[in-house]
Amino acid sequence: MISRTDRSMVANWWWTVDRWFLAAFLLLMGLGIVLSFAASPAVAERIGLESFHFVTRQIIFMIPAVAVLIGVSFLDPRQVRRMALAMLCLALVLMVATLFIGMEVKGSRRWLHLFGLSIQPSEYLKPAFVVICAWLFAEHARQPEIPGNLFAMLLLGLVVALLVAQPDLGQTMLVLGTWGAMFFIAGMPWLWIAVLGALGVGGAVAAYSAFPHVAERIDRFVTGEGDTYQVDMSLEALTRGGWLGQGPGEGSVKRILPDSHTDFVFAVAGEEFGLVMCLLILSLFAFVVLRGLVIARRQEDDFTRYALSGLVVLFGFQSIINMAVNVRMMPAKGMTLPFISYGGSSLVAMAISMGFVLALARRRPEKRRPVSFSAISGRAAATG
């Protein structure tokens, strides 16, 4: 047990970190391993791999993810900004490189092979982008003559252009939604709300017209016709699970669900552990988002408030998109369930993002204004 009189760095971290956040993140990671055991063996066997191939890799990825989550949480806000800026610059370079030398999968270039590892740069771009935009919004709020909002818009345009070039419209929608929420929290004028809303509608129409796979997915979602196999099987899995599920390892629909270990792991949770497990997962995501917004609201520093809000909104939007696709409330798109879906890039990048949240949410002593000698003399004279 760490004593409150201990003044070491670890002790200081332990008594200032938000342990509710930390417990929620570790619990989600634990659920990710449990559901990897449930969902991935069938996929591995279907493609000719050893049964626990994905389970083993998920556990291996989890070790650096936990280390990164805790390590990043030791940072102070200034160090968070510096790390985010370095990440943003590196991720932008890798995003450009991906367009030329990245692996092409289903018509998109989103992955790079570096040092024997497959990396998806956009996953690391997202938390860095949120933190830097928060800093730009905060600088504009502190000194209106600094064009922070304009720079944030230009950065958004650059990031969106790179994502659309891949193309990755799911991540584009996620980034746009998060940025819009942050801009609103930072005091966006109503005129800008109308302008950005119109641009959003125009962008959706343009994406539908320019990208055949987007039009196909939206048409399938609206009409229910065409190849809806994965979503149909996802709904079937959730229906068979009922309230308490069919039991660990007893699911059958997962064996014919192609992406059961990634995009549709939520359906496997419903089939084997029931609606109760799904509600637990949903509650954990909701808890993180709501607690993050409550803590952000209490912050006096604009940067901390905007960054905390943006990071938990990003976390919440991504989880909502994944779960909504599983229950056919949104058109299908490749979006992982944070900390639970299989994937090294997604897991480590999300650990960095939530490490930022832990770092920014840590309790810090309030800065008190120094009391002037004249004020002390005045109080002394009044009491005398």
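Above this text is the structure in question.
Residues numbered from 1 in each chain as written. Predicted model: local features only at pLDDT ≥ 70, side-chain atom pairs only at ≥ 80, totals over all residues. Heavy atoms only, no water.

Caption draft 1: Just the packing of aromatic side chains, in detail. Evaluation of the coordinates by the stated rule reveals 14 aromatic pairs. Between F315 and F339, the ring centres sit 6.3 Å apart and the planes meet at 55°, which makes this aromatic pair tilted. You can see F315 sitting in helix 12 (residues 302–326) and its partner F339 sitting in the loop between helix 12 and helix 13 (344–361), a full 24 residues away along the chain. Like F315, the residue F339 is buried in the burial classification. One aromatic cluster in this structure is built from F21, F25, F285, F315 and F339. Across the ring face of W14, the terminal group of R19 is positioned such that the distance to the ring centre comes to 4.8 Å. (Phe/Tyr/Trp six-rings, centres within 6.5 Å; stacked < 30°, edge-to-face > 60°. Helix = DSSP H or I, 4+ residues; strand = E, 2+ residues; numbered from the N terminus. Buried < 20%, exposed > 50% of the residue type's maximum accessible area, 1.4 Å probe, protein only. Lys NZ or Arg CZ within 6 Å of the ring centre and 35° of its normal.)

Caption draft 2: Summary view of the environment of V159. Checked against the element boundaries, V159 lands in helix 6 (residues 148–165). Overall, V159 belongs to the buried group, its relative accessible area being 0%. Distance from V159 to S118, taken between C-alpha atoms, is 21 Å for residues 41 residues apart in sequence. Excluding anything up to four places from it in sequence, V159 contacts L92, L125, F129 and V175. (Contact = heavy atoms within 4.5 Å.)

Caption draft 3: How the structure looks around the state of the cysteines. All chains considered together, the criterion is met by zero disulfides. The thiol sulfur of C133 is not disulfide-bonded, and the nearest other cysteine sulfur, from C89, lies at 13 Å. (Disulfide = S-S within 2.5 Å.)

Caption draft 4: View of the packing of helix 2 (residues 19–46) against helix 3 (residues 53–72). One way to put it is that helix 2 packs onto helix 3 with a least axis distance of 8 Å and a crossing angle of 165°. In terms of orientation, helix 2 and helix 3 fall into the roughly antiparallel class. Between helix 2 and helix 3 lies a crossing of right-handed hand. Seen from helix 2, the contacting residues are L22, F25, L26, M29, G32, I33, S36, F37, S40, V43 and A44; seen from helix 3, they are H53, F54, V55, Q58, I59, M62, A65, V66 and L69. (Axes fitted to C-alpha atoms, helices over the stretch in contact; angles between N-to-C directions. Parallel < 35°, antiparallel > 145°, perpendicular 65-115°, else oblique. Left-handed = near helix turned anticlockwise from the far one by under 90°.)

Caption draft 5: Region of the structure containing the packing of helix 6 against helix 7 (residues 169–185). Helix 7 packs onto helix 6 with a crossing angle of 170° between their chain directions and a minimal axis gap of 9 Å. Considered as vectors, helix 6 and helix 7 are oriented roughly antiparallel to each other. Facing helix 6, whose interface residues are N149, A152, M153, L156, V159, V160, L163 and V164, helix 7 presents L169, Q171, T172, V175, L176, W179 and F183. Of the residues that constitute the contact of helix 6 with helix 7, the class distribution is 12 nonpolar, three polar and no charged. (Nonpolar A, V, L, I, M, F, W, Y, C, P; charged D, E, K, R; others polar.)

Caption draft 6: Molecular detail of the nonpolar core. By size, the foremost hydrophobic cluster in this structure holds 101 residues, and its most contacted members are F25, F129, I281, F315, F339 and F356. Element by element, the count of residues in this core is highest for helix 11 (residues 265–298), at 15 residues. Excluding anything up to four places from it in sequence, F129 contacts L88, L155, L156, V159, V175 and W179. (Core = buried A, V, L, I, M, F, W, Y, C linked by side-chain atoms within 4.5 Å.)

Caption draft 7: Molecular detail of the pairing of strand 2 (residues 108–114). Bridge count between strand 1 (residues 103–105) and strand 2: three bridges; the pairing is antiparallel. Of the residues in strand 2, the one forming a bridge with E104 is R109. Here three bridges tie strand 2 to strand 3 (residues 117–119), and the two strands are oriented antiparallel to one another. What sits directly across from H113, in strand 3, is S118. (Pairing = 2+ DSSP bridges.)

Caption draft 8: Spatial organisation of the sheet that holds strand 3. The strand order 1-2-3 describes an open sheet built from three strands, whose pairing is antiparallel. Because the sheet does not close on itself, it has two edges, and the strands there are strand 1 and strand 3. Going from strand to strand, the sheet's axes swing by 40° on average, the running direction of each strand aside.

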